[in-house]
2 protein chains.
Amino acid sequence: MSEPFVETKSYTFAQPPNELVLKSGVKLGPITLAYETYGTLNADKSNAILIFHALTGDAHAAGWHKDAKTPGWWDDMIGPGKAFDTAKYFVICSNVIGGCKGSTGPSSINPATGKPYGLSFPVITIEDMIVAQKHLIDYLGIKKLVSASGGSMGGLMALKWAVLYPETLKSAILVATNYRHTAQQIALHEVARQAIMSDPDWHNGDYYGKSIPKRGLAVSRMIGHITYMSERSMEEKFGRRLKGKEKVGYDFSHDFEVESYLKYRSDNFVQRFDANSYLYISKALDYFDLAEEADLQKLFKGVPTKFLVITFTSDWLYPSYQSKQMVKAMKANDIDVSFIEIDTTYGHDSFLVEIEGQSKLVKHFLSNVQ
Amino acid sequence: MSEPFVETKSYTFAQPPNELVLKSGVKLGPITLAYETYGTLNADKSNAILIFHALTGDAHAAGWHKDAKTPGWWDDMIGPGKAFDTAKYFVICSNVIGGCKGSTGPSSINPATGKPYGLSFPVITIEDMIVAQKHLIDYLGIKKLVSASGGSMGGLMALKWAVLYPETLKSAILVATNYRHTAQQIALHEVARQAIMSDPDWHNGDYYGKSIPKRGLAVSRMIGHITYMSERSMEEKFGRRLKGKEKVGYDFSHDFEVESYLKYRSDNFVQRFDANSYLYISKALDYFDLAEEADLQKLFKGVPTKFLVITFTSDWLYPSYQSKQMVKAMKANDIDVSFIEIDTTYGHDSFLVEIEGQSKLVKHFLSNVQ
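Nothing here was measured: the structure is a model prediction, and the numbers come from that model.

**Student:** Sorry if this is basic, but what is going on with the overall build of chain A here?
**Tutor:** Within chain A one finds eleven helices and 14 strands. A globule of 370 residues ought to have a C-alpha radius of gyration of about 21 Å, and chain A, at 20 Å, matches this closely. Counting only C-alpha atoms and orienting by the principal axes, one finds that chain A spans roughly 65 × 50 × 45 Å. Taken across its 370 residues, chain A has 56% of its residues classed as buried. Partitioning the contacts of chain A with sequence separation of at least 6, the portion at a separation of at least 24 is 71%.

Here is the structure:
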């Protein structure tokens, strides 16, 4: 059972000042956040859970939009009786700033010029995204969240929130994530960015209303898909099976199913996602380093939040050892943290598809959050 | 100590017929192979070892070209007293057909048109490359090789030679390789190909004498470099160190050392390698499946060649389990095979940099080849 039909709402920062001073020092405003909510906020506003999406996700985490063919991206986890039980909790999900799904980003109109920002949009950080969403939570009148949670980028946002606003967060559930982007994670993003910026249609970010840099964006998405799966899940799903032919074609068309899959998925992606948003959000991720300003152990000192950290054995993009380093620093500060590594073959995508194991853990964990 | 100055030689198939009938059925000719030799062929021509290069390698495996700044790509392994001891053995390395380093490939002149082949070059297979090099070995008057060896693509070429011409090969040394390309290996190549073919300068392969598709080729090489290293070796080599700056730039220039490294390496690569050759050779690799025509176990039946199979723990592009499957099939046929997994952090690149361990194994193995 899913949430009934849902609609994406919109919140624009009230005047004055309707802007943020970003981590870079640059001011950005006005700022609008797209968000959705599921379930009902109780009278004392004490049953809210904030969900963060991954790099190319959006505010539509659960339920169905009218006429949609698929539900929200974490619908298996959010709904009545599900892991994030909307019969009990008021669940909120907001599109990040820098995104292209209703929140202010590079494809938004720059009020100073009347044209889309493009590359004049300032470079943002994960912290900036969090600060923006804190405005939304304040606007909703919520002083304390039962939990904040997400997978991949969503997980590190929940982590950053816990460190930035510890008093607002009873618990955090961090799935398939890391406390800092590593060299390989940066490298994979950089290749994706170079693919986009190499596309002549990118025009230094000024392509709105013209041809979009779809070839570069498609290549970046193909790289992404390979990193989201595991070597084994690709082998199990595709192997060397040919697509629509009896034998290989001895040409450069798509012979193998895995090639067609990458093409199909990337062709869909370029219709739904803005290339500049990919640049900005991937850069924000690469800048993310929780240990940058203070020793990781000092950072967790006195944080009252209770943590559940989940990783997946076959996730090579955000391998378990990285979460284990974080959990070690938490434990050294007597933080209440549970760490579980789930045995799956689905790679990084596990946080989206390995529902049963995650649901059990999340339900049990939340039932113990006071 | 290296080989003294070496020069690349050239062999063009003698008439008639100076052509190959390829696996696809298409005829290709005339065919020229670039090759180098190190050491001296003995009187009864019984001391020859054939070395195969990897995807973007060439015939220059050892020694120094005049005025060169670096020696051949496996110079640490080939030379007097080295693993492939040129005081004892006559070592041969030839550029594959489809390549761009002197052997007939898409950048060669098509005699029928007087212009470079471009995409009119026929799609080739690993078997075609082997058949071409068998002509070279025949031309040199060598009936039996002491060994054939290589890493990555070179390893699977040695394997294919053993199955195709078992009577010509006393031993084979297969390093960091596989008996069939898997879904992930195909996917990684397909993204590289799409990056090249998305570059408007590619012009459907017809770019010779004009602008080369350097942006697409650079992106494909960056992907390659990430797959050649391990997550750990990238972290140890680069971590999150910034390049030439004190703090991040909040822009899309290169902040991190790992980003600069990828740019530097790919900028160099586009100067030395032909984009069409990347398409043809990667496709040949993706088509490679030793188990395609016959059960792997049947394939090794009666093969008299003695094998040494080497893998590296941190190699995620050609993971050890794949070689283990092959070794299992060999053992089931009572083939004399030694399998060693070397513990390294260098990933797939280990076959080029982990010299000490490989040298010991290769020397000992070759000393027992009668």
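After that view of the structure, there is still more to cover.
**Student:** Just checking my understanding: could you explain the relation of the copies chain B and chain A for this structure?
**Tutor:** The two chain copies are connected by a rotation around an axis plus a translation along it. For the pair chain B and chain A, the superposition axis carries a translation of 0.0 Å, the fit reaches an RMSD of 0.0 Å, and the rotation angle comes to 180°. In the structure described here, the two chain copies are related by an operation that fits a two-fold rotation axis. Comparing contact sets, 100% of the residues at the interface of chain B also lie at the interface in chain A, consistent with an isologous, same-surface contact.

**Student:** Quick question: what am I supposed to make of the domain arrangement of chain A here?
**Tutor:** Often the size quoted for an interface is simply the accessible area lost on bringing the parts together. Residue and element names in this part refer to chain A. Considered domain by domain, chain A is made up of domain 1 (9–181 + 290–367) and domain 2 (185–284). A C-alpha centroid distance of 25 Å is found between domain 1 and domain 2. On the side of domain 2, 22 residues touch domain 1, which itself brings 27 residues to the contact. Residue composition of the side of domain 1 that touches domain 2, grouped by class: 14 nonpolar, twelve polar and one charged.

**Student:** What is the right way to read the sheet that holds strand β4 (residues 32–38) of chain A from this model?
**Tutor:** Two strands in a sheet stick together by hydrogen bonds in their backbones, pointing the same way (parallel) or opposite ways (antiparallel). Residue and element names in this part refer to chain A. The mixed open sheet is built from eight strands, whose spatial order is β1-β4-β8-β5-β11-β12-β13-β14. The sheet is open, and its two borders are formed by β1 (9–12) and β14 (337–342), each paired with just one other strand. Strand after strand, the sheet turns through a mean of 20° between neighbouring axes, direction not considered. Strand direction decides the pairing type here: strand β5 (residues 48–52) and strand β11 (residues 147–151), joined by four bridges, are parallel. Among the inter-strand pairings, leucine 50 is bridged to a residue of β11, identified as alanine 148. Its contacts with the sheet put helix α1 (residues 126–139) on β1, β4, β5 and β8 (90–94), and the angle it makes with β4 is roughly 55°. Each of β11, β12 (171–175), β13 (306–312) and β14 touches helix α11 (residues 355–367); the most contacted strand, β13, lies at about 170° to it.

What counts, and at which threshold
Residues numbered from 1 in each chain as written. Chains lettered and ligands numbered in written order. Predicted model: local features only at pLDDT ≥ 70, side-chain atom pairs only at ≥ 80, totals over all residues. Helix = DSSP H or I, 4+ residues; strand = E, 2+ residues; numbered from the N terminus. Rg over C-alpha atoms; globule rule 2.2 N^0.38 Å. Buried ≥ 20, exposed ≤ 12 C-beta atoms within 10 Å, placed from the backbone. Contact = placed C-beta atoms within 7 Å. Least-squares fit on C-alpha atoms with pLDDT ≥ 70 in both. Domains from an automatic or database assignment. Nonpolar A, V, L, I, M, F, W, Y, C, P; charged D, E, K, R; others polar. Pairing = 2+ DSSP bridges. Axes fitted to C-alpha atoms, helices over the stretch in contact; angles between N-to-C directions.

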